[in-house]
Structures are given as C-alpha cells and as structure tokens.
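Structure assessment
Residues per chain are reported as follows:
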2 protein chains.
Amino acid sequence: MSAAPALRAEGPLALVCGGGSLPLAVADLVVARGRPVVLFPLHGAADPQSGARYPHHWLYLGQLGKFSRLARAAGCRDVVFIGSLVRPAFWKMRFDLTALMLLPRIAAAFHGGDDHLLSNVSRLVEQQGFRLLGAHDVAPEILVPQGALGRVQSTERDHADIALGFDYLCAAGPFDIGQAVVVADKHVLAVEAAEGTDQMLARVAQLRANGRIGTAKGVGVLVKAPKPNQDRRFDLPSVGPQTVEGVVRAGLAGIAVAAGETVIAEPDRLVAAADAGGIFVVGAPTGLKR
Amino acid sequence: MSAAPALRAEGPLALVCGGGSLPLAVADLVVARGRPVVLFPLHGAADPQSGARYPHHWLYLGQLGKFSRLARAAGCRDVVFIGSLVRPAFWKMRFDLTALMLLPRIAAAFHGGDDHLLSNVSRLVEQQGFRLLGAHDVAPEILVPQGALGRVQSTERDHADIALGFDYLCAAGPFDIGQAVVVADKHVLAVEAAEGTDQMLARVAQLRANGRIGTAKGVGVLVKAPKPNQDRRFDLPSVGPQTVEGVVRAGLAGIAVAAGETVIAEPDRLVAAADAGGIFVVGAPTGLKR
C-alpha cells in the first residue's frame, strides 16, 4: 500500500476494546489500511475472542499504569476507545499504582453523568502522553452514510417521527441521558437512559404485547443521535444487527440515525436483517433536523 | 354541614374513574364535604369495587353519548376525570352514536401525544354542556403539601439530584413524555415514557440487581412533576404506597414531587411505607427548581 510508510511513522494503534463486535471490526479496518494494532481488551466487557488475531493485553478497568507501560513499550502514541462499556461501579474497579496516584481525580470523575466521566478519562489518558482519537478517525468506513441502507424506504409519517426524535434528543442533550428514543405517530413511547438501546426496545415490545401501545404495528421509529456536546472520540451511538432485531420485535417501522455521527457494526448483516424484517434503516442529515 | 345548601345547588359531581385507589378516595372526600357523587367507572381500568358505595354507571371508553345522557339525568353539571388510564388502542374503543358522530375529531385527537389527546377529550366533554374540573378543585386535600411527609429527611446530595430531575422534566415538557425521572448522584438513570412510573422503578431495581448502577444503594431520587403546560384538570402526577414500595425496591433514597401539583393516594399508608422503608418523601417548591 503506497500510504504505508507514512502510516508506519505513526506507530501501531492502541485499541482499548469494550463489548460488541465493533472493536474487532475496527481493528480489521485499521490493519487493512496498513497500520498495525495492539488490542487492550477489557475484562468483563470485550469479546473473549479479542486475542485471536492481533497482539493484545487484557486489562481490568482502572489499570491505567499497566496500559501506559504496555502501550508505550509497543510504540503506540495514538489510542482509540471502542465498544460498549457499562458504567462500572467505582468499587469494582482494580486500581494499579498509577491510577491510585490519580485516585482523587478518578473519584471526582465518577460524580456526574457519563459525558463528565468520559471527558475526565480522556484527560487522564492524554496526561500519560497519548493522543486520543475517535474510532471514525482511524476507520471512517464505520460511520453510517446519508440515505437508506437497505431496500425499505421511510415514509412521510416516519419523517415526522424522526424529526420529533431528533428534537427530543437535542433538548435532552444537556442532561447527559441516553442517545436513543422511540417515537410512534408523534408520541414518545420510550426514552433510553442507563438501560441501553436493546433493553429499551425490549420494553417497547413488552408494552405492545400487553396492549399498551395505541399505534398499530409497523408504525414508529427508533431514533439515535449523539448528544449535542458529546466528545465524538467516545461513545458515538451505534447500530448493528442486534438493533435491527430489537426494532423488528418491537413492531416498529424502522431506524433513523444521525448520518456521519453514528457507528455501524457489521453493515452487511445489518442490511440483510433489515431487509428480511421489512424495516428501514436511514442515515438522516441532522443539519436539517436539529 | 353549613355549606351544604350552596353545594347542593351545584348538583352531584360526576366522577369518571380510571384505575388505582384515588377515584374512591376523591369520592369519599367530596361526599364528606356534603356533595353527592355519581361514579362512572371505566371498564378495564377502574377498581371492580367502584360500585360498592355510591350511585354508579360502568362505561366503556368511547361511550360519550351514554355518559352525557346518564350524567345529565342525574343532575350533574361538573365532571372530574380521576385515576390512571393507559392510552387505549383506538380500535379497542366502543363508540356509541354520539361518539361516532364526533369520530373524525376523536380520531384526530389520537394523533400526537397524551396532552393533545386529553385537551381534545376535554373539549368534547365541554361541548356536551359539562364543566370539567380537576380532582384537586373538588378535593384539595389530595395535593402533596410542601415539606417532608414522613420521618426521613432529604440531604444536600438529594437536593442536587432533585434539582436536576426538575430541570430535566421541564426541558422534556414540550415533548409530552412522562412525568418522572430517576436521578442518582447527578446521573439520570431512567426516564419515564409510555411504561409508567412503577415499571420504570422496576427497571432501576433490575439494573441495580445486574450491577449496572454505579451509585451505592440509598443514593438517588424519584422526581415527579407535571409537564410545564399540562392541563392540571387531568393527569396530575400521583404518588401512593405502591410508588414508595417501588422506590424501596429500586434502592433509592427517596421521592420528590412538585408540591401543590402532585396528587397523593392513601397518604397514611404512603407515610407508613416510607418510614418503614427508610426513604424520604418530600413536596418540593417548583418555583425554586423550575
């Protein structure tokens, strides 16, 4: 690859891996571009297969010193955090010496919302001499493009629900809540907070099974977007085949995400699942909607 | 009672009864003030015992003509809607002739959020010649006063969570979502939408059982308040012993509601449950917080 020498000068990329299929997908994309990777899968979160293909070191949350030492020894300067991570209980973390020296700051980071936590974590990592990048900086293919991803198209009615969903997520942004909402016929059915998107969709399916949803099956949209002031290097909203399955079970019409600001895991499987389930998946221009 | 003659001139009060213990409690309070009541319990929602003590006529949702005829025959001019009501599926309603004549307007009312639905329903009832009142207009005792209701007091940390909860509910108001949120250590854990408060609390209990809540047991507040532009004659937020039990199971510190804008069902049982569970219940002045 002609770009390889320039990329090699950057050194290998350190990938701190949370849950889901995205971390390994990003690793593959980065390696395909000619840049080596070193994986740091997190115990309790990352895919157990994370060590199969690339150099790797398993970490417990809180092992900041171990991470810094190993990443530096591998010649890494750039770090990407990728994959889902349940907000851990403070007392369940394992602090190594470096982390212990920073404990007051880490403890302070734990008070307040996720954005607050993440911006503090990123500052700690950068103070160790690393540069923190977003997964989409090293693998832009993972971002959802504008337009329909599968065969099914959204309708005018869906567009009204999508616009309301984006408006809500924008208004709720300052409160550092979830990144997703379900809107059906201009009625907000469910708002995501600590439970995550999959569990919110399961709730909608349950409400429908109990006859508590007034709109017909096939009406309603899962809308996802990053919070207005979110640090894009962390925790962009993501969709994958599992999201599609949840939307089908919830009896909704489709999924709308912020184009260029949402990460897609396993795009081929996602599109196949959406087509099979008869739902649309659309990347919407948030410039128009927010 | 000396006020009885003046009250009698108003005629009996028509109480359209949804679910929960509040409708019969309100009936008792109104009768204790010397005004007779006629109950209109709703099939599928109201307590099956609704007919035990007072004149009553069971209704299906959509029987606007039957309601108007029977309420008029009983000499009622004032109507109160009270009790919980799950948003019904449009096609599950039973429309009588009067409702059928108004069907386009009723169908239109079903598009959009609950506030929209309720304001349309109230217009339909008023067009039948009735005056729609709030339950607190006829039984002001049901409103939560300012201050702590039980023995347990809220702390400074709780006050920060309460303020954040009221701020969120205010910001989410235009979206006609739920009236409740759970905030723990300035982190929004759960937002209520179509599922209702009890189910949201069960979700928090489940998240805690799964180790997915970062804050310790005994931290966090259920915050309830009416939406900023809500028609106070309908659907003021309510708390009761069941809410207290849900908060105890969710491992939270207490409950904060908008003083003077929240309805309390079975206050004695609520206070006893809160004291036994070691949680606070406080009516907070929204003037300071919203």
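Residues numbered from 1 in each chain as written. Chains lettered and ligands numbered in written order. Predicted model: local features only at pLDDT ≥ 70, side-chain atom pairs only at ≥ 80, totals over all residues. Heavy atoms only, no water.

Residues and elements named next belong to chain A. Within strand β10 (residues 254-258), five of the five residues are buried, leaving the element largely enclosed by the surrounding structure. Residues Gly254, Ala256 and Ala258 of β10 are buried on one face, and the alternating residues Ile255 and Val257, pointing to the opposite face, are buried as well. Taken together, the four bridges between strand β8 (residues 221-224) and β10 define a ladder with parallel strand orientation. Residue pairing in the sheet places valine 221 in a bridge with glycine 254 of β10. Here β10 runs beside strand β12 (residues 280-284); their pairing, made up of five bridges, is parallel. When the bridges of β12 are listed, glycine 254 appears paired with phenylalanine 280. (Buried < 20%, exposed > 50% of the residue type's maximum accessible area, 1.4 Å probe, protein only. Helix = DSSP H or I, 4+ residues; strand = E, 2+ residues; numbered from the N terminus. Pairing = 2+ DSSP bridges.)

To continue, consider the sheet that holds strand β1 (residues 13-17) of chain B. Residues and elements named next belong to chain B. Overall, parallel pairing links the four strands, which are arranged β2-β1-β3-β4 in an open sheet. Either end of the sheet is taken by a strand with one partner, and the two such strands are β2 (37-41) and β4 (131-133). Neighbour to neighbour, the strand axes of the sheet diverge by 30 degrees on average, direction disregarded. Here β1 pairs with β2 via five bridges, running parallel. Of the residues in β2, the one forming a bridge with leucine 13 is valine 37. (Axes fitted to C-alpha atoms, helices over the stretch in contact; angles between N-to-C directions.)

This part covers the environment of alanine 190 of chain A. Here alanine 190 of chain A is to be found in strand β7 (residues 187-191). Overall, the relative accessible area of 0% leaves alanine 190 of chain A in the buried class. Along the sequence, alanine 190 of chain A and glycine 11 of chain A sit 179 residues apart, while their C-alpha atoms lie 44 Å from each other. When near neighbours in sequence (up to four residues on either side) are disregarded, alanine 190 of chain A contacts Val181, Val182, Met200, Arg203 and Val204 of chain A together with Ala193 of chain B. (Contact = heavy atoms within 4.5 Å.)

To continue, consider the sheet that holds strand β2 (residues 37-41) of chain A. Residue and element names in this part refer to chain A. Strands sit in the order β2-β1-β3-β4 across an open sheet of four strands; the sheet is parallel. Of all strands in the sheet, those with a lone pairing partner are β2 and β4 (131-133), marking the two edges. Between one strand axis and the next, the sheet turns through 30 degrees on average, direction left out of account. Most of the contacts of helix α3 (residues 64-73) go to β2, to which it runs at about 165 degrees, and overall it touches β1 (13-17), β2 and β3 (78-82).

Attention now moves to the packing of aromatic side chains. For the structure on display, the rule yields six aromatic pairs over all chains. Centroid distance tyrosine 168 of chain A to phenylalanine 175 of chain B: 5.6 Å. Interplanar angle 85 degrees. Geometry classified as edge-to-face. Remark: phenylalanine 175 of chain B occurs in the loop between α8 (156-172) and β6 (180-184) and tyrosine 168 of chain A occurs in helix α8 (residues 156-172); the pair is interchain, linking two chains. Phenylalanine 175 of chain B shares its class with tyrosine 168 of chain A; the two are buried. Of the aromatic side chains, those joined through ring pairs into one cluster are Phe40, Phe67 and Phe130 of chain A. (Phe/Tyr/Trp six-rings, centres within 6.5 Å; stacked < 30°, edge-to-face > 60°.)

Applying the stated criterion across every chain yields a total of zero disulfides over all chains. No disulfide involves cysteine 170 of chain A; its sulfur sits 16 Å from the nearest other cysteine sulfur, which is in cysteine 170 of chain B. A relative accessible area of 31% places cysteine 170 of chain A in the partly exposed class. Here cysteine 76 of chain B is not cross-linked by a disulfide; its sulfur's nearest cysteine counterpart is in cysteine 17 of chain B, at 12 Å. (Disulfide = S-S within 2.5 Å.)

Below, the discussion takes up the nonpolar core. Residues Tyr168 and Val191 of chain A together with Tyr168 of chain B are the most contacted members of the largest nonpolar core, which totals 44 residues. Sequence-distant contacts of tyrosine 168 of chain A, defined by excluding residues within four places in its chain, comprise Ile177, Val181 and Val191 of chain A together with Tyr168, Ala172, Phe175 and Ile177 of chain B. (Core = buried A, V, L, I, M, F, W, Y, C linked by side-chain atoms within 4.5 Å.)

A few words now on the packing of helix α9 (residues 197-209) of chain A against helix α10 (residues 241-249) of chain A. Residues and elements named next belong to chain A. Between α9 and α10, the shortest axis-to-axis distance is 8 Å and the interhelical angle comes to 15 degrees. When the interaxial angle is binned, α9 and α10 end up roughly parallel. Considering the relative orientation of α9 and α10, their crossing is left-handed. Contacts from Thr197, Asp198, Leu201 and Ala205 in α9 reach Gln242, Thr243, Gly246, Val247 and Arg249 in α10. Considered class by class, the residues forming the contact of α9 with α10 number three nonpolar, four polar and two charged. (Parallel < 35°, antiparallel > 145°, perpendicular 65-115°, else oblique. Left-handed = near helix turned anticlockwise from the far one by under 90°. Nonpolar A, V, L, I, M, F, W, Y, C, P; charged D, E, K, R; others polar.)

All names here are of chain B. What helix α3 (residues 64-73) keeps buried is the set Leu64, Gly65, Phe67, Ser68 and Ala71. In an axial view of α3, the angular spread of the buried residues amounts to 160 degrees, which keeps them on one side of the axis. For α3, the exposed residues set more than 90 degrees away from the buried face come down to Arg69 and Ala73. Downstream of α3 by a residue or two, glycine 75 has a phi angle that is positive, lying close to 85 degrees. (Arc of directions from axis to C-beta.)

The next point concerns the confidence of the model for chain A. In this model, chain A carries an average pLDDT of 85, and 83% of its residues clear a pLDDT of 70 or more. For this predicted complex, the interface confidence comes out at an ipTM of 0.78, alongside a pTM of 0.80. (pLDDT = per-residue confidence, 0-100.)

Here the focus is the side chain of aspartate 78 of chain B. Residue and element names in this part refer to chain B. Along the chain, aspartate 78 falls in strand β3 (residues 78-82). Reaching out from aspartate 78, the side chain makes a polar contact with the side chain of arginine 35 at a distance of 2.9 Å. Not counting the four nearest positions on each side in its chain, aspartate 78 is found in contact with Pro12, Leu13, Ala14, Arg35, Arg131 and Leu133. (Polar contact = N/O pair within 3.5 Å; in protein donor to acceptor, adjacent residues only side chain to side chain.)

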